[in-house]
Amino acid sequence: MMRTNDFDCIVIGAGHAGIEAAHAAARIGARTCLVTLSRATIAKMSCNPAIGGLAKGQIAREVDALGGLMGLATDAAGIQFRLLNRSKGPAVQSPRAQTDKYRYQDFMRDRLEETPNLSLVEAMASDVLIEGRQVCGVRCNNGMMLTAPTVIATTGTFLRGLMHIGPEQFPGGRLGEPAAHELSLSLARIGLELRRLKTGTPVRLDAKTVDLDKLEIQLGDPEPAPFSFLTGRIDRPQTPCWITYTNEQIHQLIRDHLDRAPLYTGQIKSVGPRYCPSIETKIVRFAGKDRHQVFLEPEDEARTTIYCNGISTSLPRDVQERMLQLMPGTEHARIVHYAYAIEYDYCPPVQLQPSLETRKVGGLFLAGQINGTSGYEEAAGQGIIAGINAARKLQGQEPLVLGRDQAYIGVLIDDLLTKGIDEPYRMFTSRAEYRLALRSDNADRRLTPIGRAVGLVEESRWARFQNKLKTIEGLRQHLQTSRAEGVSLWDLLRRPDSHMDERLPQLPEIKSAGYGREVLEAIVVDAKYEGYLAKQERLIATQRSLDSKRIPAGLDYTAVEHLRAEAKEKLTAFQPATLGHASRIGGITPADITVLQVYLKKIWH
């Protein structure tokens, strides 16, 4: 058997989770190996070539604040930038960028290749190796064996992937790439439970064959907001997107061919994403709706191909062609890639610890769609945490666990561990009870100190960050000590009817100081929400108290007197790490937590 040098950490898969995991582990000091089928598919945007969106934009900024790559890649490859929900409050505003998918891949590949301690290996991982209950390496299908005390599996949709276009079925991890059958069997063999999920993607069109003049144009923001704290500004021209709509003819066409749709014939047996349904599901679920919006989004700056966002489907090829012929702007469009659905294996995340290490196998971490999530951003958020914690495990340090009050990434991982996943998980602002504190504009202030503490934030970023904090604090003090209309400028800024936020940039002393946009935006939000944030902080303190009370690993819940049978069953299955974790498990009541607190006090004493 062929053998390579030993590593500290092996990452399987170079999608958005694998990139961040490998980059983080290597930067912290672990000798890391990233196993990918091909360098050419690193960071491949197999679905929509866009980063961000509602709540997802917050995660992308959080990954950047921790020292990850997603924000930098987006700023380098973005072709259109928009701040969503601009008319609403800062808590629900989210950045989104359409990217050039080729430039995004090139950026990520270049960054990985220049990362110290990181080796790229082109192979298919076929077997996770363990000794006892500890991971010890990975075997590849070419006979190569890689050894390491930590392994991070970020397999995307490749585990026993099965693709569907109408009645056609063929194995594949994504279009043109093989499925990972042996690795799936290996994970089951070492004791992990696997289930099936489904996702899908729409057609890609030859942009030259789309009649864009017929369509409603969607432009980017005149002053694009960067994703990365390190990006000063984005001043290159932006590429437009376009909007069209389905119609009753298309809806009737789909209804007439539901007997050929894998979702409705029983051919697809797994559950798809509720919040990003296929067009056939939309037609059935929203039968009274006479049209659905479709965004035509360029996949690269040269407008070579167009992604049809909103008509994901697994209908047969001839039906897909007819749909496009009936839709304004695409009547004569040529299909470059047909839409398809894909079923794949995932590991229910109840099997994980909060660090994303599996409970059954020490040193084995899971991140991304293998945990039941959807989306590039959710994958990247898990990836950077898994990479950090694999490196910290090697160093003998406590894992990094972000709280629900610290980051959307914390909300995401906590939801995976407490809610149970039976459909692809997607992040929304409504999932975060402390979303007023978890804004996209303050991700750097929330998480840069944590990124610095774990070893991912370099000196130049830290110095720039410290300067920003100093500038914000100086401006705050100026506003609190300067007066107008008998009150401080700070108090005027806090008033909802004062319009001081609009006047602030024009004040002579502010104008002459040359404060940047991000500093002025930070100070306005801090002032406007000062009272609300203080109230929220009191709620957070209560929850932190529960989250600080750890539950012994392997606690026998059947021995806890007065605990309901359902609670014993749930707690045994989920194995919560803290009382706070336990309190968020579905079906666990406040009374159950009280009983558990009393029991723990007894055994602690």
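Calculation rules
Residues numbered from 1 in each chain as written. Predicted model: local features only at pLDDT ≥ 70, side-chain atom pairs only at ≥ 80, totals over all residues. Heavy atoms only, no water. Helix = DSSP H or I, 4+ residues; strand = E, 2+ residues; numbered from the N terminus. Rg over C-alpha atoms; globule rule 2.2 N^0.38 Å. Buried < 20%, exposed > 50% of the residue type's maximum accessible area, 1.4 Å probe, protein only. Areas by Shrake-Rupley, 256 points an atom, 1.4 Å probe, with all protein chains shown as cover. Pairing = 2+ DSSP bridges. Axes fitted to C-alpha atoms, helices over the stretch in contact; angles between N-to-C directions. 1 Å grid on protein atoms, 1.4 Å probe; cavity = no way out; pocket = protein on both sides within 12 Å on 5 of 7 lines; lining within 4 Å. Points joined across faces, edges and corners; volume = space filled by probe spheres on them. Nonpolar A, V, L, I, M, F, W, Y, C, P; charged D, E, K, R; others polar. Parallel < 35°, antiparallel > 145°, perpendicular 65-115°, else oblique. Left-handed = near helix turned anticlockwise from the far one by under 90°. Contact = heavy atoms within 4.5 Å. Salt bridge = Lys/Arg side-chain N within 4 Å of Asp/Glu carboxyl O. Polar contact = N/O pair within 3.5 Å; in protein donor to acceptor, adjacent residues only side chain to side chain. Core = buried A, V, L, I, M, F, W, Y, C linked by side-chain atoms within 4.5 Å.

**Q** Give me the overall build of the protein: which residues, what numbers.
**A** Scanning the protein from N- to C-terminus turns up 21 helices and 23 strands. Relative to its length of 605 residues, the protein is compact, with a C-alpha radius of gyration of 25 Å against a globular reference of 25 Å. Here the C-alpha coordinates of the protein stretch approximately 75 × 70 × 50 Å along the principal axes. Expressed as a percentage of the 605 residues in the protein, the buried residues total 58%. Carbon and sulfur atoms provide 51% of the accessible area of the protein, an area that totals close to 24,700 Å².

**Q** Residue-level account of the sheet that holds strand β17 (residues 293-298), with values.
**A** Read from one edge to the other, the open sheet built from six strands follows the order β15-β16-β17-β18-β14-β19, with strand pairing classed as antiparallel. Taken across any chain shown, the strands that pair with only one partner, and hence form the sheet edges, are β15 (216-218) and β19 (335-337). The average undirected angle you get between the axes of adjacent strands in this sheet is 35°. In this structure, β15 lies alongside strand β16 (residues 241-245), joined through three bridges in antiparallel fashion. Along β16, the bridge assignment pairs Glu216 with Ile243.

**Q** Describe empty space enclosed by the protein, naming the residues involved and giving the relevant values.
**A** According to the stated counting rule, one finds three cavities of 30 Å³ or more in the structure shown. What the largest cavity holds in volume is close to 40 Å³. Phe81, Arg82, Leu83, Pro95, Arg96, Asp221, Ala225 and Phe227 together form the lining of the largest cavity. The set of elements that each furnish at least two residues to the lining of the largest cavity consists of β4 (78-84) and β5 (94-99). The leading source of residues in the lining of the largest cavity is β4, at three residues. Split by residue class, the lining of the largest cavity holds five nonpolar, no polar and three charged.

**Q** Run through the packing of helix α3 (residues 70-77) against helix α4 (residues 101-113), naming residues and quoting values.
**A** Running from amino to carboxyl end, α3 crosses α4 at an angle of 135°, the nearest separation of the two axes being 9 Å. It follows from the interaxial angle that α3 and α4 lie oblique. Crossing handedness for the pair α3 and α4: right-handed. Within the contact between the two elements, α3 uses Met70, Leu72, Ala73, Thr74, Ala76 and Ala77 and α4 uses Arg103, Tyr104, Phe107, Met108 and Arg111. When its residues are assigned to classes, the contact of α3 with α4 shows eight nonpolar, one polar and two charged.

**Q** How would you summarise the pattern of salt bridges if you had to cite specific residues and measurements?
**A** Evaluated as defined, the whole model comprises 51 salt bridges. Where Asp221 meets Arg86, a salt bridge forms, and the shortest distance between an N and an O atom there is 2.8 Å. Taken together, the residues Asp221 in the loop between β15 and β16 and Arg86 in the loop between β4 and β5 connect sequence positions 135 residues apart. What makes Asp221 buried here is its relative accessible area of 13%.

**Q** Tell me about the side chain of Arg584, and name the residues and values.
**A** Examined against the element boundaries, Arg584 turns out to sit in the loop between α20 (579-583) and α21 (590-604). Side chain to side chain, Arg584 and Asp547 meet in a polar contact 3.2 Å long. Once you skip the residues sitting within four places of it in the chain, Arg584 turns out to touch Arg404, Asp414, Thr418, Lys419, Gln543 and Asp547.

**Q** Could you give an account of the nonpolar core, with specific residues and numbers?
**A** Ranked by size, the top nonpolar core spans 103 residues in total, and within it Ile10, Tyr104, Leu364, Ile385, Leu402 and Ile409 carry the most contacts. Here this core takes nine residues from helix α10 (residues 376-394), the largest share from any one element. Beyond its immediate stretch of four places on either side in the chain, Ile385 contacts Leu66, Ser355, Leu356, Leu400, Leu402, Ile409 and Ile413. Counting 28 residues, the second largest nonpolar core, distinct from the first, contains Ile254, Ile306, Leu324 and Met327.

**Q** Go over the sheet that holds strand β9 (residues 145-147) with me, naming the residues and quoting the values.
**A** A sheet is described by the order of its strands in space; here three strands give the open sequence β7-β8-β9, paired in antiparallel fashion. Two strands bound the open sheet, and with one partner strand each, they are β7 (125-131) and β9. For this sheet, the mean angle separating the axes of adjacent strands, direction not counted, is 25°. Across three bridges, strand β8 (residues 134-140) lies against β9 in antiparallel orientation. When the sheet's bridge partners are listed, Arg139 is paired in β9 with Met145.

**Q** Account for the environment of Asp127, with residues named and values stated.
**A** Structurally, Asp127 is set in strand β7. For Asp127, a relative accessible area of 13% translates into the label buried. As a C-alpha pair, Asp127 and Gln320 span 193 residues in sequence and 38 Å in three-dimensional space. What Asp127 contacts, discounting residues up to four positions off in sequence, is Gly137, Val138, Arg139, Leu183, Ser186 and Arg189. For Asp127, the side chain forms a polar contact with the side chain of Arg139, separated by 2.7 Å.

Remember, this is a structural readout, not a statement about activity or role.
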